[in-house]
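Remarks on the overall topology
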Amino acid sequence: AVDLSAGSVPPADKSTAKAVIQETQAEAVERIAIQKDVIIVEPVKSKPELKVEPPPPPTPPEGEKKEKKTAKSIIQEAVEKVTKKRIRVDLTASSVERNFITPVRAMSDFLLKPSDLENLRATKRRSPYENEPPITVFWRKDVEARAIEVWGSKDNLTKELLKRDLERRFYQQNTFTTKRKLRDYRREKDHQREQKMVETAGLFGPSGKVVLTAVAINGSNFLFKLFAWIFTGSHSMFSECIHSLADTINQLILAYGIHKSVQRADSDHPYGYTNMRYVSSLISGVGIF
């Protein structure tokens, strides 16, 4: 044994002494372990296992990916449209009570007077017409309450509305009947006037008789002059024959215009044929010269 106390070992050799002591202790432990057949083996550190990750799946092209997404979104939208239930409006909800009504409609629908609407709360709303100031509207529930207060009950208001509706329909029916009778009367008068016009303005009227007389005279002149030219062979008689023929044709044009002017209007000429007499007069006047 080595005495390594502080008095026997100088301070300079303390580190060397510690190293010697450690070696001596290690040899002693090894000797004891061999005698007891004990083998000290340091634990073997296990090597870390290598994790092999599978390769990522191939990414499809951008065009196919967009097509798949688009088709999927279309299918989802179609399913949502089919399966989506329509939300029913609850008429008893409090939101309906916040409806507004104009003064004119309040007086017509609830049979109120302007004085009945004076004390009701009103608000301003944007006018439905462009460049117009805001309009004054009332709360519908307040108007209904005032109508019940004025008429006593809702049944009385309903009865009065039905009564006035019947009176309005009766008035409309009478108005319609009166207008129809007036229309029939005017049509009958127009028909009589047209018949009278045909009788007086046609070929059997004053102007028509004059034209028919002229046609008869000019036609007879043409025949006499024609026979005279045939028997004599005179050139002057032939010219007079042509002259009488031209006058007869002009008078026939006038007669046709007078006859056509009294014809009734049709789908092709909705304004009638009255101007036909003026057109025939123009043609006849040009033919004379």
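All values reported here derive from a predicted model rather than from experimental measurement.

Attention now moves to unusual backbone geometry. Residue Leu-111 is not a glycine yet carries a positive backbone phi of 55°. In this structure, Leu-111 sits in the loop between helix 3 (103-110) and strand 2 (122-125). Owing to a relative accessible area of 13%, Leu-111 belongs among the buried residues under this scheme. A positive phi angle, near 60°, is found at Asn-131, a position not held by glycine. Note that Asn-131 resides in the loop between strand 2 and strand 3 (135-139).

Before going further, it helps to examine a nonpolar patch on the surface. A surface patch of nonpolar side chains, about 480 Å² in accessible area, is lined by Leu-223, Phe-227, Ile-230 and Phe-231. If you trace the backbone, Ile-230 turns up in helix 6 (residues 206-232).

Attention now moves to the pairing of strand 3. Relative to strand 3, strand 1 (residues 100-101) is paired through two bridges, and the arrangement is antiparallel. Looking across to strand 3, one finds that Phe-100 is bridged to Trp-139. For strand 2 and strand 3, the ladder comprises four bridges, and the chain directions are antiparallel. Its bridge partner being in strand 3, Lys-124 is matched across the sheet by Thr-136.

A word on the nonpolar core. The nonpolar side chains of soluble globular proteins are, as a tendency, buried together. Ile-101, Ala-106, Phe-110, Leu-111, Leu-112, Leu-117, Leu-120, Phe-138, Val-143, Ala-147 and Leu-157 form the largest nonpolar core, which has 11 residues in total. If you list the elements that add at least two residues to this core, you get helix 3 and helix 4 (140-151). The contact partners of Ile-101, leaving out residues within four places of it in the chain, are Ala-106, Phe-110, Val-137, Phe-138, Arg-140 and Val-143. Counting residues in each nonpolar core, the second largest holds five residues, with Val-211, Val-215, Leu-254 and Ala-255 among its members.

With antiparallel pairing, the three strands of this open sheet are ordered in space as 1-3-2. In the strand order of this sheet, the two ends are held by strand 1 and strand 2, each with one partner. Along the sheet, helix 4 makes contact with strand 1 and strand 3, crossing strand 3 at roughly 65°.

Another aspect to go through is a positive patch on the surface. A surface patch of positive charge is lined by Arg-180, Lys-181, Arg-183, Arg-186 and Arg-187. Looking at where Arg-186 falls in the secondary structure, it is placed in helix 5 (residues 154-201). Classification of Arg-186 as partly exposed rests on a relative accessible area of 48%.

Our focus in this paragraph is the packing of aromatic side chains. What characterises a pair of aromatic rings is the spacing of the ring centres plus the angle enclosed by the ring planes. Under the definition given, this model contains two aromatic pairs. Ring centres of Phe-100 and Trp-139 lie 5.2 Å apart, and the angle between their planes is 70°; on these two criteria the pair is classed as edge-to-face. Placement of Phe-100 in strand 1 and of Trp-139 in strand 3 is noted, with a sequence separation of 39 residues between them. The class of Trp-139 is buried, set by a relative accessible area of 19%. Ring centres of Trp-229 and Phe-238 lie 4.9 Å apart, and the angle between their planes is 45°; this geometry places the pair in the tilted category. You can call Trp-229 partly exposed: its relative accessible area is 30%. Look at Phe-238 and you get partly exposed, because its relative accessible area is 37%. When the ring centre of Trp-139 is taken as reference, the NZ or CZ atom of Arg-121 above it lies at 4.1 Å. Of note, Lys-260 hangs over the ring of Tyr-273, and the distance from its end group to the ring centre comes to 5.2 Å.

It is worth spelling out the pattern of salt bridges at this point. What the rule picks out here adds up to nine salt bridges. One salt bridge in this structure joins Asp-109 and Arg-105, with 2.9 Å as the shortest N-O distance. Of this pair, Asp-109 and Arg-105 both sit in helix 3, four residues apart, roughly one helical turn. Its relative accessible area of 28% is what places Asp-109 among the partly exposed residues. We classify Arg-105 as partly exposed; its relative accessible area is 48%. In this structure, Arg-168 and Asp-165 form a salt bridge, with 2.3 Å as the shortest nitrogen-oxygen distance. Separated by three residues within a single helix, Arg-168 and Asp-165 lie in helix 5, roughly one turn from each other. In this structure Arg-168 comes out as partly exposed when scored by relative accessible area, which is 43%.

In this model, the protein carries an average pLDDT of 77, and 68% of its residues clear a pLDDT of 70 or more. The low-confidence segment residues 1-9, where pLDDT is below 50, has six contacts with residues more than four positions distant or belonging to other chains. The model gives residues 38-48 a pLDDT under 50, and that stretch makes one contact with residues more than four places away or in other chains.

Cut-offs and rules
Residues numbered from 1 in each chain as written. Predicted model: local features only at pLDDT ≥ 70, side-chain atom pairs only at ≥ 80, totals over all residues. Heavy atoms only, no water. Helix = DSSP H or I, 4+ residues; strand = E, 2+ residues; numbered from the N terminus. Buried < 20%, exposed > 50% of the residue type's maximum accessible area, 1.4 Å probe, protein only. Patch = residues over 30% accessible without salt bridge, like charges linked within 9 Å, V, L, I, M, F, W, Y side chains within 5 Å. Areas by Shrake-Rupley, 256 points an atom, 1.4 Å probe, with all protein chains shown as cover. Salt bridge = Lys/Arg side-chain N within 4 Å of Asp/Glu carboxyl O. Pairing = 2+ DSSP bridges. Core = buried A, V, L, I, M, F, W, Y, C linked by side-chain atoms within 4.5 Å. Contact = heavy atoms within 4.5 Å. Axes fitted to C-alpha atoms, helices over the stretch in contact; angles between N-to-C directions. Lys, Arg positive; Asp, Glu negative; His and termini not counted. Charge placed at Lys NZ, Arg CZ, Asp CG, Glu CD. Phe/Tyr/Trp six-rings, centres within 6.5 Å; stacked < 30°, edge-to-face > 60°. Lys NZ or Arg CZ within 6 Å of the ring centre and 35° of its normal. pLDDT = per-residue confidence, 0-100.

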